[in-house]
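Summary of structural features
Given next are the chains, with one letter for each unit.
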There are 2 protein chains.
Amino acid sequence: MGFEHLKGFRDIFPEDAQVRLELFSKMEDVASRFGFAPIEYPSVEPLDLFKIKSGDELVKQTFSFKDKGDREVTLIPEATPSTVRLLTSRKEISRPVRWYSMPKLWRYEEPQSGRLREHVQFNADIFGSDSIYADAEIIGLATKILDGLGLKEEYEIRLNDRNLMNNILGNIGISNTPAALSIIDHYGKVDNDTLLSEMSDQGIDDEQAESVIKLLGNNLNPPDLMDFLSSLIFMDDKTIENVNRLEDTYTLLKKYTDAKIVVSLSTVRGLGYYTGIVFEGFDRKGELRAIFGGGRYDNLSKLLSEQSIPAVGFGMGDAVLEILLKRTNRWKAEQRRKKYAVCCSTKKLADRCIDLALELRDLGASAISDLNNRSLSAQLKNASSNDCDYAVIIGEADIKSGKVTLRTLRTGEQSQISIEELVKAVRNDHI
Amino acid sequence: MGFEHLKGFRDIFPEDAQVRLELFSKMEDVASRFGFAPIEYPSVEPLDLFKIKSGDELVKQTFSFKDKGDREVTLIPEATPSTVRLLTSRKEISRPVRWYSMPKLWRYEEPQSGRLREHVQFNADIFGSDSIYADAEIIGLATKILDGLGLKEEYEIRLNDRNLMNNILGNIGISNTPAALSIIDHYGKVDNDTLLSEMSDQGIDDEQAESVIKLLGNNLNPPDLMDFLSSLIFMDDKTIENVNRLEDTYTLLKKYTDAKIVVSLSTVRGLGYYTGIVFEGFDRKGELRAIFGGGRYDNLSKLLSEQSIPAVGFGMGDAVLEILLKRTNRWKAEQRRKKYAVCCSTKKLADRCIDLALELRDLGASAISDLNNRSLSAQLKNASSNDCDYAVIIGEADIKSGKVTLRTLRTGEQSQISIEELVKAVRNDHI
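So, a few notes on the structure that sits alongside this text. (Residues numbered from 1 in each chain as written. Chains lettered and ligands numbered in written order. Predicted model: local features only at pLDDT ≥ 70, side-chain atom pairs only at ≥ 80, totals over all residues. Heavy atoms only, no water.)

Re the pattern of salt bridges
Scanning the entire structure with this criterion turns up 74 salt bridges over all chains. In this structure, Lys104(B) engages Glu118(B) in a salt bridge whose closest nitrogen and oxygen atoms are separated by 3.4 Å. Here Lys104(B) is found in strand 6 (residues 104–106), whereas its partner Glu118(B) is found in strand 7 (residues 118–127), with 14 residues between them in sequence. Residue class for Glu118(B) comes out buried when judged on its relative accessible area of 5%. Counted as one network, the salt bridges with shared partners bring together Arg10(A), Asp16(A), Arg20(A), Asp318(A), Glu322(A), Lys326(A) and Glu40(B). (Salt bridge = Lys/Arg side-chain N within 4 Å of Asp/Glu carboxyl O. Helix = DSSP H or I, 4+ residues; strand = E, 2+ residues; numbered from the N terminus. Buried < 20%, exposed > 50% of the residue type's maximum accessible area, 1.4 Å probe, protein only.)

Shown next as structure tokens:
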């Protein structure tokens, strides 16, 4: 027999689950400092909620099905539509408002490194501001999370702006900008000849296509963007305004992080619904998928409700982040409390072990006592394999003297210690 | 237009989501003190994993479907099968082992109070011990969670033992014990005449059925169980042994909690797979569904693998617990950090507001600054509706003097304070 998990899903054992708990808790901690409040929403939603944003194409990549009430439903593939639903369902919410959530998301796709069928994604959005302050604040939140994980030197932020791209493409003479943007989104994944032929298929002539490709592939220092563009294309007032906005956002963002920030004109993010700044975080070695990604989407609330609410947000999945943290030797449980195994030298002391374990737990330690009336050596062996730091051994003689033996399991060192001393040491360790 | 969540699902806004985060974190804290390690598993599993334990009947009540690869899969309706799969997939895990998890679970049932189609359940299991120490430890964990939430006076634990019930039913002369136990499981939900006719349908004669019903409905003080049973039925050695085990477990459990503990012979828990102690926690007013429930299931691992591993565990859902905490006025966010709105008196000070907000965040506070270049009064209004405790107002004159205005939003009191004093106050508040 034997059952296995489905392809693209994960069984997560304590050594990883513990690190993940800390990771999620650190994300929540940074979000809370930034004044972001948590929300939750269902893992199963009407499929239409996602179709309206992403079109029928998306359906192929969802875990969608008919439920037993014949409703077309889906495991949620992304966080934004539900988040916007919550926002628009309450008219009284004072804006701007900062929200975050940590849902599980599902995509029916071929599993790859960093891309699973089920993953947990940290999501954050600011609703009700169309300013560069909101843009910088949301990207700043992403960077503070990564910087707090010690990754400051390990990643770079790539900035771009969909309005800027639309204007640039217009100035080059391309009218079908959505098609051009989808093709630009393939940059780096396919070679340039393929890009050229894709553009040709969309009626973009070779000269225009060449002009576009010249813009891509450079990771620009943001203050150099104006000069770079001026040397290649005609700059109208709108384009200049777009560049200024992006550079101003960059200046604000520098307040939040020392991480590397570039402008990348090939970073357009596939989804059509972005309306302003778009951004992605990548490992600086360029080996992994995006660590986070997001942008401004001022029109989505109008699609889902009668309200028009500017919005900017991002998602940061657990899978790529785990790979990056492991690769840089940062995948470690740091906040684990000290763990004690209370062992008894004879079976009749088992009750005393429970009492002491309960006392140590009340003091803030993690403590276990034997459950199987085993020999002392078996208890000590179990203590080590259960990842305990210390064994506290209660012997018959100890009962009279009020002392126990405290053994450091890693070194094997041990000493006699009074219960009072033990309590004091444990309390100091955990307060 | 307007989209709504599906029936039996929930949108959870910050005022509740914040309390839930704290609730889940308290559960994790107690579990960690008890030496329980976290695990995670998929939300989607092969349907067979649940059929083997609970039979085809369960399928009707699951969110099961064929995925796009034509696999029969389901949203997980319970935690135990996946947990056992993780355990049996690694032969090297030293036992006894204590594990917990906090999955979302789904049931396709008619939603009722405390019973939703999607809920979060805290689950804990001990594998590798068949002793009363393990039984007491697992129930003790449930009680420590509830006691830690301040609910000590609000709930009672109902104990029973499936072996005891099997022996009692045998001594009464009933051979089809599984059928009798399913009927006993209806006790309190239907009237006694219905029970009698259900038993009659299963070939249990009226005298036997009357004997069974006499046993039910009493919440016994556990030390009185032996006398109670002796007065009603024949007590063979096995039955006496069962009673002694239950009373010994009770004695151990008293070490963990002062909550009310009773023996309830009608508490048999429907599922056939329990093999020893069974238990449930109920609000003492008897208005709600079970707060938690579980028991010993020594045979499940054998069904899912080649290994036979004794096990005892429980689940505690979020829905009933939320109702109980709200009813007893305990549904409050307690650990919320102080929240500051950094406001600027003129637009050109916006950058300084960001700087100060970032500094306050680094000190451990929650801080927001204005994103929309609004007037000071609009900023202050937004601060209040965003649940801020304080406003820190930066004025032009303040820049020179190095002072800011600190306003307590609840009272409207305010005073001039130097940045250094502010930093010191915030740091003291958060360390």
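Having seen the structure, we can now continue with the description.
Here's the deal with the sheet that holds strand 2 (residues 44–46) of chain A
Residue and element names in this part refer to chain A. Read across the open sheet, the three strands follow the order 2-4-3; overall the sheet is antiparallel. Where the open sheet ends on each side, the last strands, each with one partner, are strand 2 and strand 3 (64–66). Adjacent strand axes in the sheet meet at a mean angle of 35° when their direction is disregarded. As defined by bridge partners, strand 2 adjoins strand 4 (residues 72–75) across three bridges and the pair is classed as antiparallel. Bridge pairing links Glu-45 to Thr-74 in strand 4. (Pairing = 2+ DSSP bridges. Axes fitted to C-alpha atoms, helices over the stretch in contact; angles between N-to-C directions.)

Digging into the pairing of strand 13 (residues 311–317) of chain B
Residue and element names in this part refer to chain B. Within strand 13, seven of the seven residues are buried, leaving the element largely enclosed by the surrounding structure. Along strand 13, one buried face is formed by Ala-311, Gly-313, Gly-315 and Gly-317 and the opposite face, lined by Val-312, Phe-314 and Met-316, is buried too. Pairing of strand 7 with strand 13 involves seven bridges; the strand directions are antiparallel. Across the sheet, the residue bridging to Ile-126 is Val-312, located in strand 13. Bridge count between strand 12 (residues 292–296) and strand 13: five bridges; the pairing is antiparallel. Bridge pairing in strand 13 links Gly-294 to Phe-314.

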